[in-house]
Amino acid sequence: MVSQFPSEESRSGEFHRQEDAFREWILPESGAAFQAVGDRYHLYVSLACPWASRTVIARKLLGLERIIGLTVVDPLRDERGWAFREGDGFSRDPVNGFRFLAEAYSATDPEFDGRVTVPVLWDRETRRIVNNSEDDICRMFNDAFQPLRENKEIDWFPADIAEEHRELSAFIYDRVNNGVYRAGFAARQAPYDVAFRVLFAALDELEESLSRTRYLFPGRMVEADWRLFCTLVRFDAVYFGHFKCNLRRILDYPNLQGYLLDLYQYPGVSETVKIDQIKRHYYMTHEQINPSRIVPLGPLLDFARPPRRDHLP
């Protein structure tokens, strides 16, 4: 089998995701190289990408839409990478006039030769990428921009559960967020089998946990909830079939499905989910997995059904 990303495949056929290239940090202090101020930073994303979508949800729920700009790329990525085009739900680049996101990477580091990924947090002042790690961006939106946020009372990273939160986030990332990719991008049977079993063992564990509490931690929604949400909302539409993660759908897990509906129906979140863009990106971009590039018409997804989780603590 031909690998989707040959440079990120091990000799045994396992998918190993590349490290994020740019990890500069925005700070609230005056005089910082990258200071948290309004109208200086711009977010480039794809709404098809779960990593980028988490930063879009953070920007919206934390109340940063007025001070951090947003541009959505075309969900159809070709050999030239993510592109800025005019279309339904995506647009050209109003900040730099870039035609391709790769131009932001080369402007920041002319030597960069890795895979161009989203999200990208761009600094208008220095005209370079500050950070392309969704983990860092969500943390900076929560912490550094807290004085500038409209919703100052929200805290995605509560200090009193910091260690437990880090451990759960790492579990979700390794076994679920990246787990679907380790299965979907596996180039041989053995690594696919391993990733498949690890993924569904994790989903079974989360299903059991969510039978007792409404969210991952009792009484509050934290960053880990949205980390998990971004994979769950894509699962039945693309990961189940396209990535061969087909032991069970999320619909077959009563608690995970109710939890997914609960988060989807949280005010503002549904606006960040574009199933059409998600399906078109995965089925038309991963030609090594889907050479025909045919986008399935199904499944029928009803995210408006009552979650029925109000009784949980």
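Not measured: the values here are computed from a predicted model.

Cut-offs and rules
Residues numbered from 1 in each chain as written. Predicted model: local features only at pLDDT ≥ 70, side-chain atom pairs only at ≥ 80, totals over all residues. Heavy atoms only, no water. Helix = DSSP H or I, 4+ residues; strand = E, 2+ residues; numbered from the N terminus. Buried < 20%, exposed > 50% of the residue type's maximum accessible area, 1.4 Å probe, protein only. Contact = heavy atoms within 4.5 Å. Pairing = 2+ DSSP bridges. Axes fitted to C-alpha atoms, helices over the stretch in contact; angles between N-to-C directions. 1 Å grid on protein atoms, 1.4 Å probe; cavity = no way out; pocket = protein on both sides within 12 Å on 5 of 7 lines; lining within 4 Å. Points joined across faces, edges and corners; volume = space filled by probe spheres on them. Parallel < 35°, antiparallel > 145°, perpendicular 65-115°, else oblique. Nonpolar A, V, L, I, M, F, W, Y, C, P; charged D, E, K, R; others polar. Phe/Tyr/Trp six-rings, centres within 6.5 Å; stacked < 30°, edge-to-face > 60°.

Draft legend 1. Summary view of the overall build of the protein. Secondary structure assignment for the protein yields nine helices and four strands. Along the protein, helices and strands appear, N-terminal first, in the series β-α-β-α-β-β-α-α-α-α-α-α-α. C-alpha extents for the protein along the principal axes are approximately 50 × 45 × 35 Å. Burial status across the protein gives 54% buried among its 313 residues. When contacts within the protein are restricted to residue pairs at least 6 apart in sequence, long-range pairs at least 24 apart make up 70% of them.

Draft legend 2. Representation of the sheet that holds strand E4 (residues 128-131) in the model. Spatially, E2-E1-E3-E4 is the arrangement adopted by the four strands of the open sheet, whose pairing is mixed. Pairing within the sheet leaves two strands with one partner each, and these edge strands are strand E2 (69-72) and E4. Adjacent strand axes in the sheet meet at a mean angle of 35°, parallel and antiparallel pairs treated alike. As defined by bridge partners, strand E1 (residues 41-45) adjoins strand E3 (residues 120-123) across four bridges and the pair is classed as antiparallel. Across the sheet, His42 pairs through a bridge with Trp122, a residue of E3. Relative to the sheet, helix H1 (residues 50-61) contacts E1 and E2, its axis offset from that of E1 by approximately 140°.

Draft legend 3. Here's a closer look at empty space enclosed by the protein. In this structure the tally under the stated criterion is one cavity of 30 Å³ or more. Approximately 30 Å³ is the volume attributed to the largest cavity. Leu47, Ser53, Ile57, Phe229, Cys230, Arg234, Thr272 and Val273 together form the lining of the largest cavity. Only H1 and helix H7 (223-239) provide two or more residues apiece to the lining of the largest cavity.

Draft legend 4. Up close: the packing of H7 against helix H8 (residues 254-264). Between H7 and H8, the least distance of the axes is 10 Å, while the angle of their chain directions is 105°. As summarised for this structure, H7 and H8 are arranged roughly perpendicular, according to the angle between their axes. Taken together, the residues of H8 that come into contact with H7 (itself represented by Asp225, Trp226, Leu228, Phe229, Leu232 and Val233) are Leu256, Tyr259, Leu260, Leu263 and Tyr264. Residue composition of the contact of H7 with H8, by class: 10 nonpolar, no polar and one charged.

Draft legend 5. Layout of the packing of aromatic side chains. For the structure shown, the criterion picks out 25 aromatic pairs. Arranged with centres 6.0 Å apart and planes meeting at 85°, the rings of Phe141 and Phe145 form a pair that is edge-to-face. The class of Phe141 is buried, set by a relative accessible area of 1%. Arranged with centres 6.5 Å apart and planes meeting at 40°, the rings of Tyr181 and Tyr282 form a pair that is tilted. Here the residue Tyr181 occupies a position in helix H5 (residues 179-184), and Tyr282 occupies one in helix H9 (residues 275-285), the gap between them amounting to 101 residues. Classification of Tyr181 by relative accessible area gives buried; the value is 7%. Three or more aromatic residues link up through ring pairs in this structure, and these residues are Trp51, Tyr173, Tyr181, Phe185, Tyr192, Phe196, Phe200, Phe235, Tyr239, Phe243 and Tyr282.

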